[in-house]
Amino acid sequence: MEYIRPNLLGDLRAEADGTMLTQAFLETADYRTLIETSDRMVVVGRRGTGKSALALKLAGHWQGDAAVRIVRITPEEYHVIGSRPVIQSFGNTFSRVRAGARLAWRYALMMETADKMASQYSFSETKGYAEIEHRVRQWRGYGPYVPDRFQRLLIETSKEFDSAEERIGQLPILLDLTSVQKNLSDACAAAKTQVIFLIDKLDEGYEPDQVGIGFVDGLVQAAVDVKTRFSQIRPIVFLRDNILRAVQYHDQDYSRNIEGHVLRLHWDVDSLMNFATKRMSIAIGSKEQSAAVKVWNACTGPDLKGKAGFLECLQRTLYRPRDLLSLLNEAFYEAGKHNQKVIVRNNITSTARYISQNRLDDLRKEYSSIIPGL
């Protein structure tokens, strides 16, 4: 067997590694939960636990279903940063920003639903759609992507009023939310199509202050609102753990409104071993579906054999898939430099020294605003 070339195991980040993701995606219990039930809509995990990979795989799963429309909302950094000055027109406190963002996002999700279902005859010919069609056309004119449209919506509505309190109070009237909701509900009842929102990368441009946290909480609350009001709309929001903890700290109604919708991504030793060895099997060109331990033993030296050897490697990580991939990719790179066909303990040890420092820096960046003692 030739040694595994560096980075042949791939990167967890879905967009950068679509081929390996498609071939080696591990259908975990969390993935099956999202496929088979609609109870959990806020998917939470630390950096590197596979949220974006999961979002991409879910999109692929539903893509071929004629009864499903997929809407992916993945803001770029400039979208979030550019929205901050406008969202601050609702005020600088968490509660006011959340209230304004919640109303605006609720409208945005309803408009995007109507836009995606408008091509369906049974939907577009209803009286309900006729009542909101002019709003849908206006929504489309705001830009090509949902973050662009949302930012333009905030700009247009913020012009109407002078004070933050007035903007928040008048926004439902200006957007005619009650009427839009009723008409959309009537139109959806005539259609047999489901719209699934996959909302990811909210950490791009995120600032852990009252404006940033309120903005994210407003989106999550809006997603809960539309899910409970429309059986045909299913938003799934992917959040980093530190962002949800900040929301939980500031939102007095977190346990009532959000907690029951949360799914925390969980990786144990067995699932991480299956995850790694599935990629190893592809990397070494194996055409057989061998047991995880067998694949691991084929790629490791005598001092790392078996599940105990894998656990020794895993203890050099934060039990996250991305950490494990980084460690193994670098270890195989070290082995390759010495013409080794398998990795041994020395490869893992030398690699873990500098990777562990990067992991520590990640933790500081994520949680320093929540745990100042760090």
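Residues numbered from 1 in each chain as written. Predicted model: local features only at pLDDT ≥ 70, side-chain atom pairs only at ≥ 80, totals over all residues. Heavy atoms only, no water.

Novice: I keep staring at the overall build of the protein and nothing clicks. Help me out?
Specialist: The helix and strand tally for the protein stands at 18 helices and five strands. Projected onto the principal axes, the alpha-carbon positions of the protein cover approximately 70 × 50 × 35 Å. Across the 374 residues in the protein, those meeting the buried criterion constitute 53%. Of the contacts formed within the protein by residues at least 6 apart in sequence, a portion of 76% connects residues at least 24 apart. Of the side chains in the protein, 50 bear a positive and 46 a negative charge, and the two mean positions are spaced by 3 Å. (Helix = DSSP H or I, 4+ residues; strand = E, 2+ residues; numbered from the N terminus. Buried < 20%, exposed > 50% of the residue type's maximum accessible area, 1.4 Å probe, protein only. Contact = heavy atoms within 4.5 Å. Lys, Arg positive; Asp, Glu negative; His and termini not counted. Charge placed at Lys NZ, Arg CZ, Asp CG, Glu CD.)

Novice: What should I look at first to understand unusual backbone geometry in this one?
Specialist: A positive phi angle, close to 55 degrees, is found at Asp176, a residue other than glycine. Examined against the element boundaries, Asp176 turns out to sit in the loop between helix H9 (164–175) and helix H10 (177–189). Backbone geometry at Tyr319 places phi at a positive 60 degrees, although glycine is not the residue there. The residue Tyr319 is located in the loop between helix H16 (306–314) and helix H17 (321–337) in this model. A relative accessible area of 30% means that Tyr319 is categorised as partly exposed.

Novice: Help me understand the pairing of strand E4 (residues 233–240), please; the structure alone is not making it clear to me.
Specialist: Successive side chains on a regular strand alternate, one facing one side of the sheet and the next facing the other. By the criterion of burial, E4 is predominantly enclosed, with eight of the eight residues buried. Where burial is concerned, the two faces of E4 agree: the one with Ile233, Pro235, Val237 and Leu239 and the one with Arg234, Ile236, Phe238 and Arg240 are both buried. Here strand E1 (residues 42–45) pairs with E4 via four bridges, running parallel. Bridge pairing links Val44 to Leu239 in E4. Note that strand E3 (residues 194–199) and E4 share five bridges and pair parallel. Within E4, the residue paired with Phe197 across the bridge is Pro235. Note on the crossover from E3 through helix H11 (residues 210–229) to E4: the handedness is right-handed. (Pairing = 2+ DSSP bridges. Right-handed = clockwise from strand over helix to strand, strands pointing away.)

Novice: Can you help me understand the pattern of salt bridges in this one?
Specialist: Two side chains carrying opposite charge are able to pair once their charged atoms lie near each other. Scanning the entire structure with this criterion turns up 25 salt bridges. Linking Asp241 and Arg245 is a salt bridge whose minimum nitrogen-to-oxygen distance equals 2.7 Å. In this pair, Asp241 and Arg245 both sit in helix H12 (residues 241–250), four residues apart, roughly one turn of the helix. By relative accessible area, Asp241 is classed as buried at 3%. (Salt bridge = Lys/Arg side-chain N within 4 Å of Asp/Glu carboxyl O.)

Novice: Hey, could you run me through the sheet that holds E4 in this one?
Specialist: Across a sheet, paired strands are connected by hydrogen bonds in the backbone, their directions being either parallel or antiparallel. Strand order in the open sheet made by the five strands is E2-E3-E4-E1-E5, with parallel pairing throughout. Unpaired on one side and paired on the other, strand E2 (68–73) and strand E5 (262–264) mark the two borders of the sheet. Recorded for the sheet is a direction-independent mean angle of 20 degrees between the axes of neighbouring strands. Strand contacts of helix H5 (residues 94–117): E2, E3 and E4, with the helix running at about 130 degrees to E3, the strand carrying the most contacts. (Axes fitted to C-alpha atoms, helices over the stretch in contact; angles between N-to-C directions.)

Novice: Hey, could you run me through empty space enclosed by the protein in this one?
Specialist: Considering all chains together, one arrives at four cavities of 30 Å³ or more under this definition. Estimated volume of the largest cavity: approximately 170 Å³. As for the largest cavity, its lining consists of 16 residues, and the residues nearest its centre are Phe25, Leu26, Thr49, Gly50 and Trp267. At the level of secondary structure, the elements contributing two or more residues to the lining of the largest cavity comprise helix H1 (18–24), helix H3 (51–63) and helix H14 (269–283). Split into classes, the residues belonging to the lining of the largest cavity amount to 10 nonpolar, four polar and two charged. As a volume, the second largest cavity reaches approximately 60 Å³. Pro75, His79, Val80, Ser83, Trp105, Pro147, Phe150, Leu202 and Phe215 are the residues that line the second largest cavity. (1 Å grid on protein atoms, 1.4 Å probe; cavity = no way out; pocket = protein on both sides within 12 Å on 5 of 7 lines; lining within 4 Å. Points joined across faces, edges and corners; volume = space filled by probe spheres on them. Nonpolar A, V, L, I, M, F, W, Y, C, P; charged D, E, K, R; others polar.)

Novice: Before we go on, may I ask you to explain the environment of Phe275 in this structure?
Specialist: Tracing the backbone through its elements, the reader meets Phe275 in helix H14. On a C-alpha basis, the gap between Phe275 and Val86 in space is 43 Å, while along the polypeptide they are 189 residues apart.

Novice: Would you explain the packing of aromatic side chains in this entry?
Specialist: When we look at a pair of aromatic rings, we describe it by the centre distance and by the angle of the planes. Enumeration according to the criterion identifies nine aromatic pairs in this entry. Plain terms: the ring middles of Phe25 and Tyr31 are 5.0 Å apart, the flat faces sit at 70 degrees to each other, and that makes the pair edge-to-face. For the pair shown, Phe25 and Tyr31 are each scored as buried. An aromatic cluster of at least three residues, connected via ring pairs, comprises Trp105, Phe150 and Phe215. (Phe/Tyr/Trp six-rings, centres within 6.5 Å; stacked < 30°, edge-to-face > 60°.)

Novice: So what exactly am I meant to see when it comes to the packing of helix H15 (residues 292–299) against H16 here?
Specialist: Helix-helix packing is characterised by the crossing angle of the two axes and by the distance between the axes. Between H15 and H16, the least distance of the axes is 9 Å, while the angle of their chain directions is 70 degrees. In this view, H15 runs roughly perpendicular relative to H16, as classed from their interaxial angle. Between H15, through Val293, Trp296 and Asn297, and H16, the contact on the second element is made entirely by Gly306, Gly309, Phe310 and Cys313. Its residues assigned to classes, the contact of H15 with H16 shows four nonpolar, three polar and no charged. (Parallel < 35°, antiparallel > 145°, perpendicular 65-115°, else oblique.)

Novice: Would you mind showing me how to read the side chain of Lys51 here?
Specialist: Mapped onto the elements, Lys51 comes out in helix H3. Buried Lys51, no salt bridge; nearest opposite-charge side chain is Asp200, N-O distance 6.5 Å. Within the structure, the side chain of Lys51 is placed 3.0 Å from the backbone oxygen of Arg46, a separation counted as a polar contact. When near neighbours in sequence (up to four residues on either side) are disregarded, Lys51 contacts Val43, Val44, Gly45, Arg46, Phe238, Leu239, Arg240 and Leu265. (Polar contact = N/O pair within 3.5 Å; in protein donor to acceptor, adjacent residues only side chain to side chain.)

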